[in-house]
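Observations on chain architecture
Chain residues, written in single-letter form:
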Amino acid sequence: MADEDYERKFFSAFDKYDVFVPAQKQFLELSSIANPSAEEKTEHNALFLKLSQILNEYQEQSYLLDPHLEELVTPVVEYLKLHVKNFASDLKPQGIMWHVPMLLYSYIKCRGYKTIIRYFPHEIADLLVVVTYMRSPESPVHEPMQWALRYVILLWLSLICMIPFDLSQFDEGGTGQTASSIESIGRQHLPKAGLEREGAALLLTRFYMRQDSLSRFTQFLEWSTVSLDASGIDLFTCIGILHVLCEIAKSGPLALVQSKVSDLLSISTMLEKEEAVIGNTIVRKLQTKLNARIALRLLPGKSNARVKGPSLSSGQNISEIADVEDIDIPEGVETVLEQLFSALQDKDTLVRWSAAKGIARVAERLPVDFVDQVLETVLGHFKIHSVTAATMYDVPAIAEATWHGACLACAEMMRRGLVSPLRLPELIEWLARALYFDVRKGAHSVGSNVRDSGAYVLWAMARAHQPSDLAQYADDLARHLVTVSLYDREVHIRRAASAAFQEFVGRTSLFPHGIDVLRKTDFYAVGIRRNAFLIAAPEVAEHIEYRPYLLDHLLNVTLRHWDINMRRLGSQSLRLICMPKISELAPDAISRCVQLLHSPDLSDIHGGILGLAEIAVAFQEKESSDVVKTRKREIFSYLNLVPESVLLGPRNEMVTAAACEFLTNTVTLEDLETGEKGAVPNWRKIMEFGLKHKTESVQEAAASTIAVITKLVDCNDLVLRLTLELKRGSLAAQQCLGRMLGVVDYNSFPACLQPSVKTLLGCIDRASGAFRSNVEARRNCFIAMPQILNNISVNISRYLAPTTVVSMFDALLDGLSDYTIDERGDVGSWIRIACIQGLTSFIETMIGNAANLSNFEQYLPSERYHEAIKGILKQGVERLDNVRQVAGERLCRILRLSPPAYVPNSGNWVMLESDFFGRLFLVDDASGWNDAAWLFPKAVRILEVEGYRKSVLLGLIASVASLTDSTHRPVATSLVAFASSLPLHKAASSRYSLLDIVDELLQHMRTNTTANSVVVPVLQVFNVLFEGDALRLLQDDEEGTDRLQTLLSTVSGHVERIKNIRRIQESMKILVNLLAFEKVYSHCIEALPKFLGHQYPVIRTDTSERLYLALQSMEFEVNTEEAEEVLLQTEWSSTNIQVATEAAQQVANLLKEER
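Residues numbered from 1 in each chain as written. Predicted model: local features only at pLDDT ≥ 70, side-chain atom pairs only at ≥ 80, totals over all residues. Heavy atoms only, no water.

Looking only at helices and strands, one finds 59 helices and 2 strands in the protein. Its C-alpha atoms give the protein principal-axis dimensions of about 105 × 95 × 55 Å. Within the protein, the proportion of its 1155 residues that are buried is 55%. Computed over 116 positive and 142 negative side-chain charges, the inter-centroid distance for the protein is 4 Å. (Helix = DSSP H or I, 4+ residues; strand = E, 2+ residues; numbered from the N terminus. Buried < 20%, exposed > 50% of the residue type's maximum accessible area, 1.4 Å probe, protein only. Lys, Arg positive; Asp, Glu negative; His and termini not counted. Charge placed at Lys NZ, Arg CZ, Asp CG, Glu CD.)

Have a look at this one:
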């Protein structure tokens, strides 16, 4: 299942046998303990979870357990048997633990009860023991939570009651006592809602099939009739009764079933009148199953003379086998078939499939003529909703159930060789429609199960008929199956069609280029939709036999599909298929796309526009410039066929975006020069509407359009006007300013370059910029700056002064400090990611074009380069996974850059100690940067690089303060391990010391004393280091003691003035941790009352708890029991602060005296 923690695995054997068996043995030993301790219960629960988890992993490959199943199941069953016998011997509760029957149920869930029940004991002596156990009032089976115990005991009893001895031999009282006890047990649990009902149904089924209990079945039928006819009928009782009747009808003695046919049919008919239960899917499924099984027991067994499977061919003389099937059909069979035909239209798949299998099984026992009538009736279901439908799009959505049921019935009959070759033309005609059954219903469509079952019928057809029967239909079937396997929306249908194609190729060899096409459309090739559309489909289209059908499907179905992604992929696939023979295939495709533009359906218009746009791209890539210009102008003119109200509709964003993409791919210089007199006079209006649209996809499409237009004509005035309008526009319109300015072609017409850069720099100011309250707009402006630089990379020195480039670079550096937060969370991270990417792009562009810049060091000063590295490293070790990932990937790209060519002192533009970073990060995949456990053990080592130390330390501090355990725990562990490895003072062999890290933390805190967002994380880092015992060396040195004293003064000074609860709590924790350092102990005691007697009750309470735990866990040379007693007896959360103050001073005095 998708929610499982473990990955979906495939095994070749029960690899965990050596782990499972000892664990189960220990589990059963713990289960045998009469009064387990708390530790034993915890261990017992853990073992059960471990065993269940292992069995769950093998759920889909449970057959791998078979070689070991007896060894695994027998000990559990024997334990259960021993428990039951011990209970029966003294009638006292044995306290069986709940997990033992649950483990047995786990086996049943994994392998099925029919397999597991084989290992249950079935001795004669067990019968009375189990009956006594189930009927005793003291038995654990009556506990509500013991549902698994009840289930497995009922299964066991159903096995025991099959013993070949008369049950009256076990009666100890009146006659029939044992049989009555078994029957009452079954009936007692038959109305249950859980699995006990299934166990009880199996028990009663086997009980009524005994020769000495046949007479009781009549009484059961009477009781069932009364129960189902009651006014307050119980749903679960109804399900239980039907379950028993279905099993009896399947496996009961023939004479018994045939004698009770009228009663069984009356019960089935009675359910139709009970609206309270007939609406339940399970009830209708069991009713359908009961009807089918009644008909099967009325008919003779399957005739060996029946010709099935591949032997049934068009040359077979059906009359030759009709003679041996000259039988009389009982009247009840026709009634049952009518009910089954009706069930084929049920709203639930379970019922339809049960009906389909029932019809096929009944038909299998009928004479050939009757079989043909059954098939004709099934095929008639396709016509129910299709008589008035002109096309598949006109079929009502309610037809889905009918078509699905008919397809399933055809498939089941086909599998059994019941479809005559004479019926194949009609059947294939309906299947050709079923494969494309996709009816729009609201915001989605229905019909995927019809298409799936249609592929199932064809799969069965390939297995059931001779190639000679299928030869005349092979070409059409091949094209239909290939089309569905490539272009269906659902992956399971694409794979089902591919499987049917494979079956035909393997069994008939009739399909054109079968092996080659199968290789291109196999299970894995069609598994990913994009791969099927853009890779597999063009490869298949190389074969002329399939190409027209693929194009027809794209133009008639896919481009009109309700799913926008299907239309988009369909248009791209259309381009790829047409491209090899664009001059031959494009005219027809264009004309059919143009027809879609006249449709009132927005989906059709959208698909037509996308198709035309992609065909224009195909011309661009394959034809000469003159042909391309002519074709583009022709295609461009078709946009005028779409009304402007549709293109610019307020809710037609998908059409607007497609129109902008269309303009991007088709606009030419001639069209721009003609302006409003051209074929599409409103093209400029469409583009500007898209730029100001509220939807991001429309803005991006419009920005792509203006990028193309600025390459063709001078748009200086247009860009300046749009810049002013977008800057003053709505919040959504402001977001497009950066998108537009980033894609303008400044190389062709550079007049607006300087104003654009100035505008971007002015808008990104968080304090006074035009977009200070619009995070998305500022993000897009940051994205635009490296785009501009990349667009003019070969002309940087010509168009931009060094000061301008440095200003842009500085703006990106400043963006790394954007930590804006709103109701959506850390939205500043969007800007930081954009700046990380932008700085990397800047560095790559500048270094890549260094040879063209005579004053390279002015455009990218080395100090700015290293500031960027510092900023990226800081983001690479901060708390957000996605930011770390981007920073890590970009840092690795910078590491791989070569120094700038032809630049003096080019080594200044290489990362400090790049070899060290290369060994640290380039040997592993950069994808590990979002994995805190992978990153932080490496990241803390960067602190050894002095040039980047401060930035990395600030990032680590932020990560320590993370509320996410997956980030906090790895960084805290790594930081403690790194600090513990440092010497107290710098030595020749070390580049960093413990005193250095403490000094930098203290300096950072002193510099930002009033900023709680800075101070609190630093205090947390100190606490992490104290609790990890990483600062123990400080007490052995005078300088270290001074640092401890400084830290104590910082955290204990002016505590009463601080209003931030979290800062006070972290300061208090440091104070308590400092008690372990002897040289500052007395100063800590003096500061202790500030926290124990604080004005906030929560601080007093937290301090008392923290101090008490410290006194308990730390080793002091004196007795602290009296102080601990005061801490326990004082009500620190009391509103009477005087009491708390006196108690705080008392604790401090006691700790001083005892010192």
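Text resumes after the structure shown.
Quick look at the packing of helix H11 (residues 235-251) against helix H15 (residues 281-298) now. Between H11 and H15, whose axes approach to 9 Å, the crossing angle comes to 20°. By the angle between their axes, H11 is roughly parallel relative to H15. Relative to H15, H11 is oriented so that their crossing is left-handed. Facing H11, whose interface residues are Leu235, Cys238, Ile239, Leu242, His243, Leu245, Cys246, Glu247, Ile248, Ala249, Lys250 and Ser251, H15 presents Ile282, Val283, Leu286, Gln287, Lys289, Leu290, Arg293 and Arg297. In terms of residue class, the contact of H11 with H15 is made up of 12 nonpolar, 3 polar and 5 charged. (Axes fitted to C-alpha atoms, helices over the stretch in contact; angles between N-to-C directions. Parallel < 35°, antiparallel > 145°, perpendicular 65-115°, else oblique. Left-handed = near helix turned anticlockwise from the far one by under 90°. Contact = heavy atoms within 4.5 Å. Nonpolar A, V, L, I, M, F, W, Y, C, P; charged D, E, K, R; others polar.)

Per-residue pLDDT for the protein averages 88, and the proportion of residues at 70 or more is 94%. Mean pLDDT across the elements of the protein bottoms out in helix H16 (residues 318-322) (42) and peaks in helix H27 (residues 529-540) (96). The low-confidence segment residues 304-324, where pLDDT is below 50, has 39 contacts with residues more than four positions distant or belonging to other chains. (pLDDT = per-residue confidence, 0-100.)

The next point concerns helix H40 (residues 753-763). Every buried residue of H40 is listed here: Leu753, Ser756, Val757, Thr759, Leu760 and Cys763. Projection of H40 onto a plane perpendicular to its axis shows the buried side chains occupying an angular sector of 160°, all on one side. Contacts from the buried residues of H40 go to helix H38 (716-728), helix H39 (731-743), helix H41 (775-791), helix H42 (796-799) and helix H43 (802-815). (Arc of directions from axis to C-beta.)

Structurally, the protein comprises domain 1 (366-465), domain 2 (471-542), domain 3 (544-667) and domain 4 (982-1151). Relative to domain 4, the C-alpha centre of domain 1 lies at a distance of 78 Å. (Domains from an automatic or database assignment.)

Structurally, histidine 985 is set in the loop between helix H51 (965-981) and helix H52 (994-1007). For histidine 985, a relative accessible area of 35% puts it in the partly exposed group. Taking C-alpha positions, histidine 985 is 9.8 Å from aspartate 1037, a pair spaced 52 residues apart along the chain. A polar contact of 3.1 Å, which involves the side chain of histidine 985, links it to the side chain of aspartate 1037. (Polar contact = N/O pair within 3.5 Å; in protein donor to acceptor, adjacent residues only side chain to side chain.)

For the rest of this paragraph, the subject is helix H10 (residues 214-229). The end-to-end C-alpha distance of H10 is 23 Å, a good match for the 22 Å that 16 residues give at a rise of 1.5 Å each. Within the span of H10, buried status applies to Arg216, Phe217, Phe220, Leu221, Ser224, Ser227 and Leu228. The buried side chains of H10 occupy one side of the element, clustering within an arc of 155° when seen end-on. Exposed positions of H10 whose direction lies more than 90 degrees from the buried face are Ser215, Val226 and Asp229. (Expected span 1.5 Å × (residues − 1).)

Going through the model one piece at a time under the given rule, you end up with 31 aromatic pairs. Seen in terms of ring centroids, phenylalanine 917 and phenylalanine 921 are 6.5 Å apart; in terms of plane orientation they differ by 25°. Their pairing is stacked. Residue phenylalanine 917 and its partner phenylalanine 921 are both found in helix H48 (residues 914-922); the two are separated by 4 residues, about one turn of the helix. By the burial criterion, phenylalanine 917 is buried, and phenylalanine 921 matches it. An aromatic cluster of at least three residues, connected via ring pairs, comprises Phe916, Phe917, Phe921, Trp929, Trp934 and Tyr948. The lysine or arginine in question, arginine 495, covers the ring of phenylalanine 523, its NZ or CZ lying 3.8 Å from the ring centre. Arginine 991 extends its terminal NZ or CZ atom over the ring of phenylalanine 916, reaching a point 6.0 Å from the ring centre. (Phe/Tyr/Trp six-rings, centres within 6.5 Å; stacked < 30°, edge-to-face > 60°. Lys NZ or Arg CZ within 6 Å of the ring centre and 35° of its normal.)

Here we come to the layout of surface pockets. Quantified by volume, the largest pocket comes out at close to 870 Å³. Forming the boundary of the largest pocket are 31 residues, of which Tyr819, Lys874, Glu878, Ala958 and Ser1013 lie nearest the centre. Elements with a contribution of two residues or more to the lining of the largest pocket: H43, helix H46 (862-876), helix H50 (946-960) and helix H53 (1012-1027). With 6 residues, H53 is the largest single contributor of residues to the lining of the largest pocket. Split into classes, the residues belonging to the lining of the largest pocket amount to 13 nonpolar, 8 polar and 10 charged. (1 Å grid on protein atoms, 1.4 Å probe; cavity = no way out; pocket = protein on both sides within 12 Å on 5 of 7 lines; lining within 4 Å. Points joined across faces, edges and corners; volume = space filled by probe spheres on them.)

The subject of this paragraph is empty space enclosed by the protein. Regions of empty space are outlined by a rolling probe, equal in size to a water molecule, passed over the atoms. One pass over the full model with this rule turns up 1 cavity of 30 Å³ or more. Considering only enclosed or pocket space, the largest cavity measures out at about 30 Å³ in volume. Forming the walls of the largest cavity are Thr710, Val713, Asp714, Cys715, Asn716, Val744, Asp745, Phe749 and Cys752. Residues that form the lining of the largest cavity fall into these classes: 5 nonpolar, 2 polar and 2 charged.

Bringing unusual backbone geometry into the picture now. Even without being glycine, serine 509 reaches a positive phi, approximately 55°. By the secondary structure assignment, serine 509 is in the loop between helix H25 (491-508) and helix H26 (514-520). Accessibility expressed as a relative area gives 60% for serine 509, which makes it exposed. The backbone of glutamate 913 sits at a positive phi, close to 50°, despite the residue not being glycine. Look at glutamate 913 and you get partly exposed, because its relative accessible area is 35%.

With that out of the way, let us pick up a positive patch on the surface. On the surface, a cluster of positive charge is contributed by Lys114, Lys250, Lys357 and Arg361. Note that lysine 114 resides in helix H5 (residues 113-116). (Patch = residues over 30% accessible without salt bridge, like charges linked within 9 Å, V, L, I, M, F, W, Y side chains within 5 Å. Areas by Shrake-Rupley, 256 points an atom, 1.4 Å probe, with all protein chains shown as cover. Salt bridge = Lys/Arg side-chain N within 4 Å of Asp/Glu carboxyl O.)

This next bit is on the environment of threonine 656. Turning to its location among the elements, threonine 656 is positioned in helix H34 (residues 653-666). For threonine 656, a relative accessible area of 0% puts it in the buried group. Expressed as a C-alpha distance, the spacing of threonine 656 and alanine 701, which sit 45 residues apart in the sequence, is 8.8 Å. Discounting chain neighbours no more than four positions away, the residues touching threonine 656 are Leu647, Leu648, Phe689, Gly690 and Val698.

Our focus in this paragraph is the side chain of threonine 237. Structurally, the position occupied by threonine 237 is in helix H11. In contact with threonine 237, other than residues within four places in its own chain, are Pro191 and Trp223.

This part covers the pattern of salt bridges. Inspection of every chain in the model, using the stated rule, returns 61 salt bridges. Here aspartate 66 ties to arginine 111 by a salt bridge, and the two come within 2.6 Å at their closest N and O atoms. Of the two residues, aspartate 66 is situated in the loop between helix H2 (38-57) and helix H3 (69-90) and arginine 111 in helix H4 (residues 99-111); the sequence distance between them amounts to 45 residues. Among the residues examined, arginine 111 registers a relative accessible area of 22% and is labelled partly exposed. The salt bridge partner of glutamate 376 is arginine 423, with a shortest N-O separation of 3.5 Å. With glutamate 376 in helix H19 (residues 368-383) and arginine 423 in the loop between helix H20 (399-415) and helix H21 (424-434), this pair connects stretches of sequence that are 47 residues apart. Through salt bridges with shared partners, a single ionic network connects Asp372, Glu376, Lys383, Arg423 and Glu426.

The next point concerns the nonpolar core. Counting 390 residues, the largest nonpolar core has Met461 and Phe1022 as the members making the most contacts within it. Here this core takes 11 residues from helix H7 (residues 147-160), the largest share from any one element. Once you skip the residues sitting within four places of it in the chain, phenylalanine 1022 turns out to touch Val998, Leu1001, Leu1002, Met1005, Leu1031, Leu1047 and Ile1070. (Core = buried A, V, L, I, M, F, W, Y, C linked by side-chain atoms within 4.5 Å.)

We now examine the packing of helix H1 (residues 17-31) against H3. Taken N-terminus to C-terminus, the directions of H1 and H3 make an angle of 5°; their axes are 11 Å apart at the nearest point. When the interaxial angle is binned, H1 and H3 end up roughly parallel. On H3, the residues touching Tyr17, Phe20, Val21, Gln24, Leu28 and Ser31 of H1 are Glu71, Leu72, Pro75, Val76 and Tyr79. By residue class, the composition of the contact of H1 with H3 is 8 nonpolar, 2 polar and 1 charged.

Quick look at the state of the cysteines now. Tallied over the entire structure, the rule returns 0 disulfides. With no disulfide partner, cysteine 246 has as its closest neighbouring cysteine sulfur the one in cysteine 238, 10 Å distant. Under the relative-accessibility criterion, cysteine 246 is labelled buried at 1%. With no disulfide of its own, cysteine 410 has cysteine 407 as its nearest cysteine by sulfur position, at a separation of 6.4 Å. (Disulfide = S-S within 2.5 Å.)

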